[in-house]
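Structural overview
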Amino acid sequence: ASGGGGGGGKFSFKSTTGAAKTTTTAAAGAKTGTIATKYSFRCRPQDLFECFTVPPRACAYTQSGSARVSPAPDAEFSLYDGLITGKNVAVDAPKTLKQKWRLRDWPDGHFSDVTLTFEWQADKEYTLLRLRQTNVPGDAVDSTKQGWMRFFVERIRNVFGYVKV
């Protein structure tokens, strides 16, 4: 699972930490898993939402001019030179973004379901991002979770200064 990530570095969704929560899909007999986690960012929900839906912002943290994102329902997206692709399923800006999402090296035609929820925490003035990703291939749960942290959360925090709360 590697591809161009810009900046000359090699992009990889690999992890050696974290436990996988897997289930077996009865019809196909394939194991899939779920990622459910949350992250804090010192910014408004709209600012963070735009990191996933506005091309110049996505190009900035992915360090790639080829990042394609959109706030439109049914719009396709592509990040990290096509390593991550998918389609927006439902958009309720700046509260919720639901997507069909896949990594290039997953089985052909296999998409996970991603829900990103952007919650303003008025008492401490930050946004809580809730991530729920279901139907992740079982052997890719840990590396995908690590990839979210490394290639989305950390990069958005570093590029835009939206520090952890």
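Figured I'd write up the structure that's included with this text. Values in this document were obtained by computation on a predicted structure and should not be read as measured data. (Residues numbered from 1 in each chain as written. Predicted model: local features only at pLDDT ≥ 70, side-chain atom pairs only at ≥ 80, totals over all residues. Heavy atoms only, no water.)

1. A few points about the packing of helix H2 (residues 55-62) against helix H3 (residues 141-160)
Where H2 contacts H3, the axes come no closer than 8 Å and their chain directions differ by 100°. The angle between H2 and H3 falls in the class roughly perpendicular. Residue-level inspection shows Arg57, Ala60, Tyr61 and Thr62 of H2 in contact with H3, the latter providing Phe151, Phe152, Arg155, Ile156, Val159 and Phe160. (Axes fitted to C-alpha atoms, helices over the stretch in contact; angles between N-to-C directions. Helix = DSSP H or I, 4+ residues; strand = E, 2+ residues; numbered from the N terminus. Parallel < 35°, antiparallel > 145°, perpendicular 65-115°, else oblique. Contact = heavy atoms within 4.5 Å.)

2. Observations regarding the side chain of Thr53
The topology assignment puts Thr53 in the loop between helix H1 (45-51) and H2. By relative accessible area, which is 2% here, Thr53 ends up buried. At a separation of 3.1 Å, a polar atom in the side chain of Thr53 contacts the main-chain carbonyl oxygen of Phe49. (Buried < 20%, exposed > 50% of the residue type's maximum accessible area, 1.4 Å probe, protein only. Polar contact = N/O pair within 3.5 Å; in protein donor to acceptor, adjacent residues only side chain to side chain.)

3. Overview of the packing of aromatic side chains
Enumeration over the complete set of coordinates arrives at 10 aromatic pairs. Taken together, the ring pairs connect Phe49, Phe52, Tyr61, Tyr80, Trp101, Trp106, Phe118, Trp148, Phe151 and Phe152 into an aromatic cluster. Over the face of the ring belonging to Phe41 we find Arg157, whose NZ or CZ atom lies 5.0 Å from the ring centre. (Phe/Tyr/Trp six-rings, centres within 6.5 Å; stacked < 30°, edge-to-face > 60°. Lys NZ or Arg CZ within 6 Å of the ring centre and 35° of its normal.)

4. A short note on H2
Along an α-helix, residues three or four apart share an orientation, since each turn contains 3.6 residues. Within H2, the full set of buried residues consists of Arg57, Ala58, Tyr61 and Thr62. End-on view of H2: buried residues confined to an arc of 120°, all on one side of the axis. As for H2, its buried residues are in contact with H1, strand E5 (76-79) and H3. A positive backbone phi angle near 55° is found at Gln63, which sits one or two residues after H2. (Arc of directions from axis to C-beta.)

5. Let's talk about the pairing of E5
On a regular strand, one side chain projects to one face of the sheet and the next to the other, so that they alternate. Bridge count for E5 against strand E6 (residues 84-92) is 4 bridges, and the pairing is antiparallel. Each bridged residue has a counterpart across the sheet, and for Leu79 the counterpart in E6 is Ile84. Between E5 and E6, which pair antiparallel and follow one another directly, the connecting turn spans 4 residues, one of which, Tyr80, has a positive phi of 55°. (Pairing = 2+ DSSP bridges.)

6. A look at the nonpolar core
The biggest cluster of nonpolar side chains holds 35 residues, and the ones touching the most others in it are Phe41, Phe52, Ile84, Trp101, Leu116, Trp148 and Phe152. Of all the elements in the fold, those that place two or more residues in this core are strand E4 (31-41), H1, H2, E5, strand E7 (96-103), strand E8 (112-121), strand E9 (126-137) and H3. Of the residues forming this core, the biggest block, 6 residues, is contributed by H3. (Core = buried A, V, L, I, M, F, W, Y, C linked by side-chain atoms within 4.5 Å.)

7. Focus on the pairing of E9
Judged from the 9 bridges that link them, E4 and E9 form a sheet pairing that is antiparallel. Paired with Lys38 across the two strands is Arg130, which belongs to E9. Inspection of the sheet shows E8 paired to E9 by 9 bridges, in the antiparallel sense. Bridging from a neighbouring strand, Gln121 pairs with Tyr126 of E9. With antiparallel pairing between neighbouring strands as the criterion, E8 and E9 make up a hairpin whose turn holds 4 residues, including Glu125 at a positive phi of roughly 55°.

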